[in-house]
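Residue strings, one per chain:
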Amino acid sequence: MTTAGDYAKLTGEYALDPTHTRIGFVARHAMVTKVRGAFNDFTGTAHIDGENPERSSVELVIKAESIDTRNPDRDAHLRSNDFLKMDEYPEITFRSTGVKQSGEGAFDVTGDLTVKGVTRSVTVPFSYEGQATDPFGNSRIGLEGSTTINRQDFGVSWNAALETGGLLVSDKVTLEFEVSAIKEG
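Reading the values: rules and limits
Residues numbered from 1 in each chain as written. Predicted model: local features only at pLDDT ≥ 70, side-chain atom pairs only at ≥ 80, totals over all residues. Heavy atoms only, no water. Helix = DSSP H or I, 4+ residues; strand = E, 2+ residues; numbered from the N terminus. Buried < 20%, exposed > 50% of the residue type's maximum accessible area, 1.4 Å probe, protein only. Areas by Shrake-Rupley, 256 points an atom, 1.4 Å probe, with all protein chains shown as cover. Contact = heavy atoms within 4.5 Å. Salt bridge = Lys/Arg side-chain N within 4 Å of Asp/Glu carboxyl O. Polar contact = N/O pair within 3.5 Å; in protein donor to acceptor, adjacent residues only side chain to side chain.

Student: Help me understand the overall build of the protein, please; the structure alone is not making it clear to me.
Tutor: Across its full length, the protein carries two helices and 11 strands. The secondary structure elements of the protein, listed N-terminal to C-terminal, are α-β-β-β-β-β-β-α-β-β-β-β-β. Within the protein, buried positions represent 41% of all 185 residues. On the protein, roughly 10,100 Å² of surface is accessible, and the fraction owed to carbon and sulfur atoms is 51%.

Student: Whenever I open this one, the environment of L10 confuses me. Can you help?
Tutor: By secondary structure assignment, the location of L10 is in the loop between α1 (4–8) and β1 (12–16). Residue L10 is classed as buried on the basis of its relative accessible area of 8%. In sequence terms L10 and Q131 are 121 residues apart; their C-alpha atoms lie 8.2 Å from each other. Contacts of L10, omitting those with residues within four sequence positions, involve I48, Y128, Q131, I141 and K183.

Student: Sorry if this is basic, but what is going on with the side chain of S180 here?
Tutor: The topology assignment puts S180 in strand β11 (residues 169–183). In this structure S180 comes out as buried when scored by relative accessible area, which is 11%. Ignoring sequence-local partners within four residues, the contact set of S180 consists of A15, L16, D17, H20, T21, R140 and I141.

Student: Can you help me understand the pattern of salt bridges in this one?
Tutor: Charged atoms that come close allow side chains of opposite charge to pair. A full pass over the atoms with the stated rule returns nine salt bridges. Here R22 ties to E178 by a salt bridge, and the two come within 4.0 Å at their closest N and O atoms. Of this pair, R22 sits in strand β2 (residues 22–29) while E178 sits in strand β11, placing them 156 residues apart in sequence. You can call E178 partly exposed: its relative accessible area is 36%. The shortest N-O distance in the salt bridge between D171 and R151 comes to 3.8 Å. Of this pair, D171 sits in strand β11 while R151 sits in the loop between β10 (139–150) and β11, and the two are 20 residues apart along the sequence. We classify D171 as partly exposed; its relative accessible area is 27%.

Student: Honestly, the side chain of S96 in this entry has me stumped. Any pointers?
Tutor: Among the structural elements, S96 can be located in strand β7 (residues 91–103). A distance of 2.8 Å separates a polar atom in the side chain of S96 from the backbone nitrogen of V58. In contact with S96, other than residues within four places in its own chain, are S56, S57, V58, V109, T110 and G111.

Here it is as structure tokens:
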């Protein structure tokens with residue numbers, strides 16, 4: 001069980017460790033299966049106020065070109081004007097506007113998500129997974145969260161009708177965050 005005193009020890013500035021963090025997504029494909037992917041190039045920082053979580057903040061910048069679904073043709077299509085239009089909008093960003101403790105080890109992070117030049121407020125429920133000092137002396141924290149967005153809300157609207165009815169790509173996309181952050185000071 002984590003106490004308020006334990007959270008107070010977490011206060012500080014953090015940077016996401018990209019080699020131990022996954023920024024992923026899941027979308028339904030052809031109405032019968034799910035396609036999973038991730039963004040491999042991103043930076044993120046957080047200010048954590050363990051005594052007053054509402055004073056915490058997060059910023060994440062994702063390079064759209066780093067999208068990876070393990071299929072080069074699909075990845076090229078997702079980078080195109082049909083989806084992310086990455087030549088015009090090379091970054092996807094999230095900047096928090098509020099943090100609220102929602103339970104023991106649970107925090108709701110609300111912020112402005114910008115995809116393809118469209119900004120919408122989203123809330124991501126996170127669970128605090130713990131703190132450890134790694135073999136190199138770095139203080140790390142782990143957080144996991146996910147939320148579902150409607151891609152149409154961000155102008156990502158390409159689709160194709162299926163002969164059997166329905167659409168090739170679901171409007172709902174689940175964003176997944178598995179975060180390892182290193183305390184910088």
